[in-house]
Amino acid sequence: MTPTPPTDATADDRDSETAADTDDHLIPRLGLPRRDFIKAGAAVGAMGTLAGCTGLLDNNGDGVASASDVDASVPPGELDEYYAFLSGGHSGDVRVYGVPSMRQIMRIPVFNYESARGYGHDDETREMLESAGDYTWGDAHHPRVSQTDNDYDGRWVFINDKANGRMARINLKYFETDAIVDIPNTQGVHGACARLPDTDLIFGVGEYRVPIPNDGRNLDDPDAYESVLTAIEPESMNVVWQVRVDGNLDNGDGGKNGRWFFATDYNSDGAVTESEMARPDTDYLKAFDTIAIEEAVENGEYEEINGVPVVDGTTESPLNQGDRPLVHYVDVPKSPHGVSVTPDGTYAIVSGKLDPTCTVVEIDRFDEVDDPNDVIVGQPLVGGGPLHTAYDGRGHAYTTLFVDSQVVKWDIEAAVDAERRSEDPIIEKIDVHYNPGHLIAAESYTADPQGDWLISLNKLSKDRFLPVGPVHPENDQLIYIGDDDAGMQLVKDTPAYPEPHDASMVHRSKIDPEPVYDPEDLETEYVDVDDTEVIREDGRVHIKMTSQRNEFGFHDVTVQEGDEVTITTTNIETTSDLLHSLAIPQYDINVKLAPQETREVTFTADKPGVYWMYCAYFCSALHLEMRSRLLVEPEE
Ligand code: RUQ
Ligand code: CUA
């Protein structure tokens, strides 16, 4: 049982560098900053003969710029310009796409157990999932990338679990989930967003009204149910306060200046059946003055429930009566859905869902008006079933129309100038396939959207792909929005496994993941060649071993039936892209080991016999030989 030196059967050309990435703001072969290029609309026509440029250039020479003129190709070996992070819905994960290729580059398990990445298999991730409620799935909707000064900073992605009321944090240094908090006093945590400009609070938007605490009291007394907004501190992931409200909460978005947070409410009556919920002609946009809420918490004006300070933000609350109410209730038409703040921070735009309008709210007016409804400055008639709105940074809003299966582009200032319920602000509509939910434009949630690509996250794909039985994929459609003269151009269909909700799209220059682990960042101690050992003590066996091409640190290890076995193993390779895993058949274990990663797995050796511990990542020509025996001796 001695460690063996590595055999290097795999050529080191696996350690290939990714394509040069130094001029990532530049348009290939032009050396022009892309954003200047796009924003200088006049320049576009002049460059019609240059291949490889994104833009409507009439490449096929038919005199009309069209979708076939948009070059969204990313040739083999070249890299995309954007990362898009899409939620996996009830798959519980986050998917990473490259845009404009729409290639799925990675999946990041969050609320789901996932074997290829060993997520929920090693002790650390299993304990994280267990201590966050011990659920095996989640319903991940809203991935929001952290910002500094209203721009993406590449630190984290936050995402909610609507099913079990949790919030998770993905660390973008390693593209892995590193914290999950199980939020008390709330059910159906739906919206997930941050206080901007610097992501100093994360908000979980509580959709379902339930008794608080939900311990069997007030079971069939819906009037006593409540929804809360939850604020979470992003470094510690501690819940710092909650606000109880009248009605419910759905989607949300943060203002840009460190004070406001907005959430929609489609159930202002606190109903419990669909027909009752849809009955009122108006529901609410709620504007939370987070500074005033923090002052109330500091002054002790809260009730502590399950360890959390809960502030009263209902309409009757004394804290809402003075000249600095905690929560402003604005009447907006019938069951609104999405709300998003414009890039310049001037407006919050509410998408009407059961009403064919969007409602434009001017944020600064909250301090000026006596009647909160006077903050509404525009209400364009956009079309059937408006759900979510995104921005291009050129004064346009793009709203998904679920019922009409379209994306509508409209002019924000024109909507402020126009009569209410006028179609005049509409610039154009494009058909999508079919029934879009969210949409996301490049960096739409920042102060400075890039204005070139938009993805429509369509709930149905119907006839767009080869049939695969009754469970159809969804369809994420790529639309080019960089040329206002030529209009929106549908460029690509992308089948999606159920089911992406929201997404964030970030320029690649703002994300800088590590290619291998820094052992200092991991909780478990590194096992080097000299550290391999088996420690036996009172029915416990601790195996410390290395993993490298093409052997584990021990050829075999013998334990007794009933022993509690911990295996700590380090992939001691330094070559990027050279992964191993520790798979243990019939013990339900597969721990992934990226280069320089150490993971630990603990299990009870309750099945006597021979178990070939093997590596499940195809790591070299001798990958199949990378296996060692775990010998479990039967009890006498
Ligand atoms: S929601 S389809 Cu979960 Cu963001 Cu609107
Ligand atoms: Cu290591 Cu396969």
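Residues take numbers from 1 onward in each chain, read along the sequence in its written order. Labels are handed out in written order, letters beginning with A for the chains and numbers beginning with 1 for the ligands. In keeping with the predicted nature of the model, local features appear solely for residues at pLDDT of at least 70, side-chain atom pairs appear and are counted solely at 80 or more, and the whole-chain, interface and lining totals rest on all residues. Based on all heavy atoms of the structure, the side-chain values leave hydrogens and waters out of the count.

Some thoughts on the overall build of the protein chain
Selection criterion: Helix and strand labels come from DSSP, where a helix needs a run of H or I of at least four residues and a strand needs a run of E of at least two; each type is numbered from the N terminus. Working definition: with a 1.4 Å probe on protein chains only, accessible area under 20% of the residue-type maximum means buried, over 50% means exposed, and in between means partly exposed. Residue contacts are defined here by distance: any two heavy atoms, one from each residue, within 4.5 Å place the two residues in contact. Areas reported here follow the Shrake-Rupley algorithm with a probe of radius 1.4 Å; residue values treat only the protein chains shown as occluding.
When you go through the protein chain residue by residue, the secondary structure sums to six helices and 40 strands. A buried classification covers 58% of the 636 residues belonging to the protein chain. Taking contacts inside the protein chain between residues at least 6 apart in sequence as the whole, the part at least 24 apart equals 59%. As displayed, the protein chain offers around 25,400 Å² of accessible surface, 47% of which is attributable to carbon and sulfur atoms.

Observations concerning the packing of aromatic side chains
Let me state the cut-off plainly: A pair of Phe, Tyr and Trp rings is counted when the ring centres sit within 6.5 Å of each other, with Trp represented by its six-membered ring. The angle between the planes then sorts it: under 30 degrees is stacked, over 60 is edge-to-face, the rest tilted.
Counting across every chain of the model gives 15 aromatic pairs. With centroids separated by 5.9 Å and ring planes inclined at 50°, the aromatic side chains of tyrosine 83 and phenylalanine 175 adopt a geometry described as tilted. Placement of tyrosine 83 in strand β1 (residues 82-87) and of phenylalanine 175 in the loop between β6 (166-171) and β7 (176-182) is noted, with a sequence separation of 92 residues between them. Plain terms: the ring middles of phenylalanine 203 and phenylalanine 261 are 4.3 Å apart, the flat faces sit at 35° to each other, and that makes the pair tilted. Within this pair, whereas phenylalanine 203 is found in strand β9 (residues 201-208), its partner phenylalanine 261 is found in strand β13 (residues 260-265), the two being separated by 58 residues in sequence. Summarising the burial analysis for this pair, phenylalanine 203 and phenylalanine 261 share the class buried. The rings of Phe203, Trp241, Phe261 and Phe288 are connected pair by pair, giving a single aromatic cluster.

Remarks on the pairing of strand β5 (residues 151-161)
As a reminder of what qualifies: Strands are labelled as partners when DSSP assigns at least two bridges between them.
Of all 11 residues in β5, eight are buried, a share of seventy percent or more. With four bridges connecting them, strand β4 (residues 144-148) and β5 associate as antiparallel partners. Directly across from glutamine 147, in β5, lies its bridge partner tyrosine 152. Linking two consecutive strands that pair antiparallel, namely β5 and β6, is a turn of four residues; a positive phi of about 65° is found at glycine 165 within it.

Quick look at helix α5 (residues 290-298)
Quick reminder of the rule: What the arc describes is the spread of directions from the helix axis to the C-beta atoms.
Buried residues of α5: Thr290, Ala292, Ile293, Ala296 and Val297, and no others. Each buried residue of α5 lies within a common arc of 160° when the element is viewed along its axis, so the set occupies one face. The secondary structure elements touched by the buried residues of α5 are β8 (187-195), β9, β11 (238-245), β13, β14 (282-289) and β16 (308-312).

With respect to the sheet that holds strand β21 (residues 376-378)
What counts here: To define axes, lines are fitted to C-alpha atoms, for helices over the stretch in contact only, and angles between the resulting N-to-C directions are given on a 0 to 180 degree scale.
The sheet built from four strands is open, its strands ordered β18-β19-β20-β21 with antiparallel pairing. A strand with exactly one partner marks an edge of an open sheet, and here the two such strands are β18 (339-341) and β21. Direction aside, the axes of adjacent strands within the sheet are offset by 30° on average. Summarising the sheet, strand β19 (residues 347-351) and strand β20 (residues 358-362) pair through five bridges and their orientation is antiparallel. Looking at the pairing, serine 351 lines up with cysteine 358 of β20.

Describing the nonpolar core
This is how the line gets drawn: Take the buried residues of types Ala, Val, Leu, Ile, Met, Phe, Trp, Tyr and Cys, join any two whose side-chain atoms come within 4.5 Å, and each joined set is a nonpolar core.
Within the largest apolar cluster, 42 residues are counted, with the highest numbers of intra-cluster contacts made by Phe85, Val99, Trp453, Ile455 and Met505. Going through the elements one at a time, β1, β2 (93-99), α3 (123-131), β5, β6, β27 (453-458), β28 (474-480) and β30 (503-507) are the ones with two or more residues in this core. Those residues in contact with valine 99 that lie beyond four places of it in its chain are Asp80, Glu81, Tyr82, Ala84, Trp453, Ile455, Leu478 and Met505. Residues Ile543, Phe552, Val601 and Phe603 belong to the second largest nonpolar core, which totals 26 residues.

Observations concerning the pattern of salt bridges
Defined as follows: Throughout this description, the term salt bridge denotes a Lys or Arg side-chain nitrogen within 4 Å of a carboxyl oxygen of Asp or Glu.
Evaluated as defined, the whole model comprises 40 salt bridges. Glutamate 303 is the salt-bridge partner of arginine 244, the closest N and O atoms lying 3.0 Å from each other. You can see arginine 244 sitting in strand β11 and its partner glutamate 303 sitting in strand β15 (residues 303-305), a full 59 residues away along the chain. For arginine 244, a relative accessible area of 12% corresponds to the buried category.

Section: α3
Defined as follows: Here a polar contact means two N or O atoms within 3.5 Å. Within protein one must be a hydrogen donor candidate and the other an acceptor candidate, and residues neighboring in sequence count only if both atoms are side-chain atoms.
Those residues of α3 lying buried are Asp123, Thr125, Met128 and Leu129. N-cap assignment for α3: the residue whose side-chain oxygen lies 3.0 Å from the backbone N of glutamate 124 is aspartate 122. Positive phi appears at glycine 133, one or two residues downstream of α3, with a value of about 105°.

Focus: the sheet that holds β8
Strand order in the open sheet formed by six strands is β8-β9-β10-β11-β16-β15, with mixed pairing between adjacent strands. Both edges of this open sheet fall to β8 and β15, since each of them pairs with a single strand only. Each neighbouring strand pair of the sheet contributes to a mean axis angle of 30°, computed without reference to strand direction. Here α5 sits on the sheet in contact with β8, β9, β11 and β16, set at roughly 105° to β11.

Some details on the side chain of threonine 186
Along the chain, the position of threonine 186 falls in the loop between β7 and β8. Once you skip the residues sitting within four places of it in the chain, threonine 186 turns out to touch Gly206, Val228, Thr230 and Gln242.

A look at the confidence of the model for the protein chain
What counts is decided by this rule: A residue's pLDDT is the predictor's confidence in that residue, given on a scale from 0 to 100.
Looking at the protein chain, the pLDDT average stands at 91 and 89% of residues meet or exceed 70. Scored below 50 in pLDDT, residues 1-55 makes 95 contacts in the model with residues more than four places away or belonging to other chains.

A short note on unusual backbone geometry
The linkage connecting leucine 196 with the following residue, proline 197, adopts the cis geometry, with an omega of 20°. Structurally, the position occupied by proline 197 is in the loop between β8 and β9. Residue isoleucine 212 is joined to proline 213 through a cis peptide bond whose omega torsion reads -10°. Relative to the assigned elements, proline 213 resides in the loop between β9 and β10 (227-233). You will see that glutamate 443, though not glycine, has its phi angle at about 55°, which is positive. You can see glutamate 443 is positioned in the loop between β26 (436-441) and β27. Of note in this structure, aspartate 588 is not a glycine but carries a positive phi near 65°. Residue placement: aspartate 588 occurs in the loop between β36 (580-584) and β37 (589-593).

Side note on the environment of glutamate 304
Here glutamate 304 shows up in strand β15. Between the C-alpha atom of glutamate 304 and that of tryptophan 241, which follows or precedes it by 63 residues, the distance is 9.4 Å.

Brief notes about the environment of tyrosine 135
Among the secondary structure elements, tyrosine 135 is positioned in the loop between α3 and β4. Taking the C-alpha atoms as reference, tyrosine 135 lies 9.5 Å from tyrosine 113; in sequence the two are 22 residues apart. When sequence neighbours within four positions are dropped, the list of residues in contact with tyrosine 135 reads Phe111, Tyr113, Leu129, Asn164, Arg166 and Asp182.

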